[in-house]
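Okay, here's what each chain looks like letter by letter:
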Amino acid sequence: METADEGEKHHGKSLTAEAEINKMKERNTSDRISDLPVELLHHIFSFLPIQSLTQTTLLSKHWNQLCLWRSQPLLDFSSLTPKSMKLISTVLSRRQPNSNITTFRLSTVSGYFSGVVRTCFRVVISLSSMSDLSINCPCLEYLKLDGLELKGLDVSGRRLLEFGLRRCFKDINSSAKIFAPSLRSFYWEDICVAVEFATGSFGCLDKGSVYFLGTSQNAATLQSTSNFLSAFSFTRSICLGSLVIEFLGYIGFAGGLPCSFNNLRTLDLQTDLRRAEIEGILYLLRTSPILQTITIDSPSRCEPEDVLWDDEQYWESQNQTFKSLEHHLKVVRIHIQNTKALTRVHKSTINLVQFCLRHGRVLQEMTLTL
């Protein structure tokens, strides 16, 4: 017969054995992945499709609170089906404005797109930490990007009609690639970066606008300027900032672009009418045989007279090959800005007006607004 002491010892051993079994079960069923650092979890789950990443919230309360898809820096929507396109809006709308997205990819052949994409890019343009953006959307028609800090941009849109980009690149080492064969309107206001325009792009372009910000002249910027303006060879209307015009002057001096602007009818220029910019303007006149209208916005002059360039003889030596002036140019409009500070029209502006009046054989309108 078992004594009381022996019974207590047996019961104690049973409790100890049960505790050991429970510990073993905990070790075997513990969620070791949850104990990993968030940065490592981001790397691991970056290999999952975005749908699988969102489904991790169903694993447990801990995973639901962790919400990796709300903080994952790499968002790849390129594998989405048309039925799951709403996931883009869901994911982006639940992230903070200062979210840490570094890479964003979107690709779809679906026609179900307009509302989703508008919502998508309203959110994306506020994510200033993003460094790479890839968009492959054959059905996308309108795309405007503003205020990003990109290192790389890749846009492919077979039906894209309007593209606008403003202050989106970090530095001159950034790059962009654009394929948009149906594009009608192109706007660029940013530093001069390396841009590759895929073959077939811009063949339907009606208006192209390029304004470079804070970019110094060197071999790389001149090559990029050449790529931009060569892509505009079929364009009917072009708007250029002073730096682009200046760079074009250097390009013309070095041999010029590989093409002319044979369809160009309207030219809008923002220029200080300095020597390099005048070289660029004259190059545009020489290579635009059917140009009809020129509009020039120029700031009032505050610099000393000798800083500016107003060589009348140079103007007179440049009249031999301007087909547009002789046969097509009908309207010249010049607007001098900052009228409160204006005390006189600088000689460079007067030289330009006299040049157009003297050689514009079919000129119908000359307007100088102060």
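Since the model is a prediction, treat every value here as computed from it, not as a measurement. (Residues numbered from 1 in each chain as written. Predicted model: local features only at pLDDT ≥ 70, side-chain atom pairs only at ≥ 80, totals over all residues. Heavy atoms only, no water.)

Undergrad: Would you mind showing me how to read the pairing of strand β14 (residues 331–336) here?
TA: Two faces belong to every sheet, and in a regular strand the side chains alternate between them. When strand β13 (residues 293–298) meets β14, the two strands line up parallel, connected through six bridges. Bridge pairing links I294 to V332 in β14. Pairing geometry for β14 and strand β15 (residues 365–369), over five bridges, is parallel. Bridge pairing in β15 links H335 to T369. (Pairing = 2+ DSSP bridges. Helix = DSSP H or I, 4+ residues; strand = E, 2+ residues; numbered from the N terminus.)

Undergrad: Got a minute to help me understand the packing of aromatic side chains in this structure?
TA: Within a pair of aromatic rings, the relevant descriptors are the distance that separates the centres and the angle that separates the planes. In the structure shown here, the tally under the stated rule is 14 aromatic pairs. Aromatic pair F169 and W188: ring centres 5.5 Å apart, planes at 20°, arrangement stacked. Taken together, the positions of F169 in the loop between β6 (162–166) and β7 (175–179) and W188 in strand β8 (residues 185–190) put the pair 19 residues apart, joining distant regions of the chain. On the basis of relative accessibility, which here comes to 0%, the residue W188 falls in the buried class. (Phe/Tyr/Trp six-rings, centres within 6.5 Å; stacked < 30°, edge-to-face > 60°. Buried < 20%, exposed > 50% of the residue type's maximum accessible area, 1.4 Å probe, protein only.)

Undergrad: Just to check I follow, could you spell out the nonpolar core for this structure?
TA: Burial of nonpolar side chains together is a common tendency in soluble globular proteins. Of all hydrophobic cores here, the largest spans 69 residues; its most connected members are L153, F163, F169, F186, W188 and F232. Other than its neighbours up to four places away in sequence, F232 contacts F186, F202, L205, G208, S209, V210, I238 and F261. Within the second largest apolar cluster, five residues are counted, among which are L75, F77, I88 and V91. (Core = buried A, V, L, I, M, F, W, Y, C linked by side-chain atoms within 4.5 Å. Contact = heavy atoms within 4.5 Å.)

Undergrad: Help me understand the pattern of salt bridges in this model?
TA: Pairing is possible between side chains that carry opposite charge, provided their charged atoms lie close to one another. Throughout the structure, instances matching the rule amount to four salt bridges. A salt bridge links E189 to R166, with the nearest nitrogen and oxygen atoms 3.5 Å apart. Here R166 lies in strand β6 and E189 lies in strand β8, a separation of 23 residues in the sequence. The buried category is assigned to E189, whose relative accessible area is 14%. Residues D272 and R274 are paired through a salt bridge, measuring 3.8 Å at the closest nitrogen-oxygen approach. Owing to a relative accessible area of 28%, R274 belongs among the partly exposed residues under this scheme. (Salt bridge = Lys/Arg side-chain N within 4 Å of Asp/Glu carboxyl O.)

Undergrad: Looking at this structure, I do not really get the sheet that holds strand β4 (residues 142–146). What am I missing?
TA: Backbone-to-backbone hydrogen bonds join strands into a sheet, with any given pair of strands oriented parallel or antiparallel. Spatially, β4-β6-β8-β10-β11-β12-β13-β14-β15 is the arrangement adopted by the nine strands of the open sheet, whose pairing is parallel. A single partner strand is all that each edge strand has here, and the edge strands are β4 and β15. Between one strand and the next, the sheet's axes are offset by a mean angle of 5°, whatever the strand orientation. (Axes fitted to C-alpha atoms, helices over the stretch in contact; angles between N-to-C directions.)

Undergrad: Is there a simple way to think about the packing of helix α9 (residues 242–253) against helix α10 (residues 275–286) in this case?
TA: The description of two packed helices rests on the angle between their axes and on the distance between the axes. Between α9 and α10, whose axes approach to 7 Å, the crossing angle comes to 75°. The angle between α9 and α10 falls in the class roughly perpendicular. Side by side, α9 and α10 meet where S242, I245, E246, L248, G249, Y250 and G252 of the first sit next to A276, E277, E279, G280, I281, Y283 and L284 of the second. Tallied by class, residues from the contact of α9 with α10 come to seven nonpolar, four polar and three charged. (Parallel < 35°, antiparallel > 145°, perpendicular 65-115°, else oblique. Nonpolar A, V, L, I, M, F, W, Y, C, P; charged D, E, K, R; others polar.)

Undergrad: Hey, could you run me through unusual backbone geometry in this one?
TA: Negative phi characterises most residues that are not glycine, and trans characterises most peptide bonds. The phi dihedral of R167 is positive, around 50°, even though this residue is not glycine. By the element assignment, R167 lies in the loop between β6 and β7. Its relative accessible area of 43% is what places R167 among the partly exposed residues. The residue L273 is not glycine, and still its phi comes out positive at about 60°. One can find L273 in the loop between β12 (266–270) and α10. The exposure class assigned to L273 is buried, which follows from its relative accessible area of 1%.

Undergrad: Explain α9 to me, please; I cannot follow it from the model alone.
TA: In an α-helix, one full turn covers 3.6 residues, which means residues spaced three or four apart are oriented alike. Taking 1.5 Å as the rise per residue, α9 with twelve residues should run 16 Å; its terminal C-alpha atoms sit 17 Å apart, in good agreement. A positive backbone phi angle near 135° is found at G255, which sits one or two residues after α9. (Expected span 1.5 Å × (residues − 1).)

Undergrad: Which parts of the structure should I look at to understand the packing of helix α8 (residues 219–231) against α9?
TA: Across the interface, α8 lies against α9 with an axial gap of 10 Å and an inter-helix angle of 100°. It follows that α8 is roughly perpendicular to α9 by the angle criterion. Across the interface between the two elements, T221, L222, T225, S226 and L229 of α8 pack against V244, F247, L248, Y250 and I251 of α9. Broken down by class, the residue content of the contact of α8 with α9 amounts to seven nonpolar, three polar and no charged.

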